[in-house]
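# Overview (structure and organization)
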Amino acid sequence: MPAVAQGHPPSRGLIHHNPIVAYFLIAYAFSWLLGSVLIAGYHGLVMAPTWLHYVSAFGPMVAAIVVTAARDGRAGLAELWQRVIRADVGLRWWLVALGTPLALGVVAALVSTFEQGALPDVALFGEVDYLGNIGVLAALGLWIATYGFGEEIGWRGFALHRLQSGGWIRAAVIIGVLWGAWHLPYFFYKDNFIALGMGGFVGYLISIVMGSILLAWIYRGSGNSILMVALWHGTFDFVSASPIAAGSANAVISIVVITWVLVILWQARRERRAVHVSAPGR
């Protein structure tokens, strides 16, 4: 009989020796496969249910669970789950996670009121792409479940958690670029992304990197709570994707978030300087 090859199978070997690469490959494969179906459906090549758009959001979560289970077993999954449900983070981080995106929703409503000359219909927050108006609470739940937990268990809970030891801002930028590229299929089947054009992808990528830095800051500040970043991400998308936040309102809340991130980066730079100056021997 021929000798049995020693070592792990190729897929297991990749997961064990380079779990970050394995994570990104699985996350992209899951989401881009569904994205390809949606692109084909958009161009009339196949019959594709548009709700697959929301299922594709679970790619990062699926990748995080698969790699964690294969590499760290039940203990790893239990540790991941503890970070998913970590709620004892203090009032400050609850206010950040839920209060700030809801405050941005108020800002969007005020801008819309100024432009339209009348208060917007709050029921419009229940409007979601492909599903119509499913109600405000259902829409909020959908965003938190899909683009909240579906993404954050992966991007922050897995990727950032493992890369941040090399510098959290650097890790956030790397993840931001890869996270932005993960959205590429949208530019071929979602009308609002198609309208941006591939030239608009650069600006979109910058905004995603900024969002990655903000979410990394929340994740670290809340004691590595996936719950907090999932709530912020899902609630922000609930606000920013609603018809109330279209046009100028969306631009205003984007400027607010970018300004917030610049302040975070300025504070981080000051802290690094303070540590450098106070280091022994200086």
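Residues numbered from 1 in each chain as written. Predicted model: local features only at pLDDT ≥ 70, side-chain atom pairs only at ≥ 80, totals over all residues. Heavy atoms only, no water.

## Quick look at a nonpolar patch on the surface
Together, Trp51, Tyr130, Leu131 and Ile134 give the surface a local cluster of nonpolar side chains, amounting to about 370 Å² of exposed area. Mapped onto the fold, Ile134 is located in the loop between strand 2 (132-133) and helix 6 (136-163). (Patch = residues over 30% accessible without salt bridge, like charges linked within 9 Å, V, L, I, M, F, W, Y side chains within 5 Å. Areas by Shrake-Rupley, 256 points an atom, 1.4 Å probe, with all protein chains shown as cover. Salt bridge = Lys/Arg side-chain N within 4 Å of Asp/Glu carboxyl O. Helix = DSSP H or I, 4+ residues; strand = E, 2+ residues; numbered from the N terminus.)

## A word on helix 7 (residues 168-182)
An α-helical turn contains 3.6 residues, so any two residues separated by three or four positions project in the same direction. With 15 residues, helix 7 should reach 21 Å at 1.5 Å per residue; the first-to-last C-alpha distance of 20 Å fits that figure. For helix 7, the full list of buried residues reads Trp168, Ile169, Ala171, Ala172, Ile175, Gly176, Trp179, Gly180, Ala181 and Trp182. (Expected span 1.5 Å × (residues − 1). Buried < 20%, exposed > 50% of the residue type's maximum accessible area, 1.4 Å probe, protein only.)

## Topic: the packing of aromatic side chains
Per the counting criterion, the structure on display carries 22 aromatic pairs. An angle of 80° between the planes, with centres 5.4 Å apart, marks the rings of Phe187 and Phe201 as edge-to-face. Remark: Phe201 occurs in helix 9 (residues 200-221) and Phe187 occurs in the loop between helix 7 and helix 8 (191-196); sequence separation between them is 14 residues. Across the pair, Phe201 and Phe187 agree in class, each one buried. Taken together, the aromatic side chains of Tyr23, Phe24, Trp155, Phe158, Trp179, Trp182, Tyr186, Phe187, Tyr189, Phe193, Phe201 and Tyr204 make up a single cluster linked through ring pairs. Cation over ring: Arg156 sits above Trp179, and NZ or CZ is 4.4 Å from the ring centre. The aromatic ring of Phe158 is capped on one face by Arg162, whose charged end is 3.9 Å from the ring centroid. (Phe/Tyr/Trp six-rings, centres within 6.5 Å; stacked < 30°, edge-to-face > 60°. Lys NZ or Arg CZ within 6 Å of the ring centre and 35° of its normal.)

## A look at the pattern of salt bridges
Scanning the model with the defined rule gives five salt bridges in all. As a salt-bridge pair, Asp72 and Arg71 come within 3.9 Å of each other at their nearest N and O atoms. The exposure class of Arg71 is partly exposed, given its relative accessible area of 36%.

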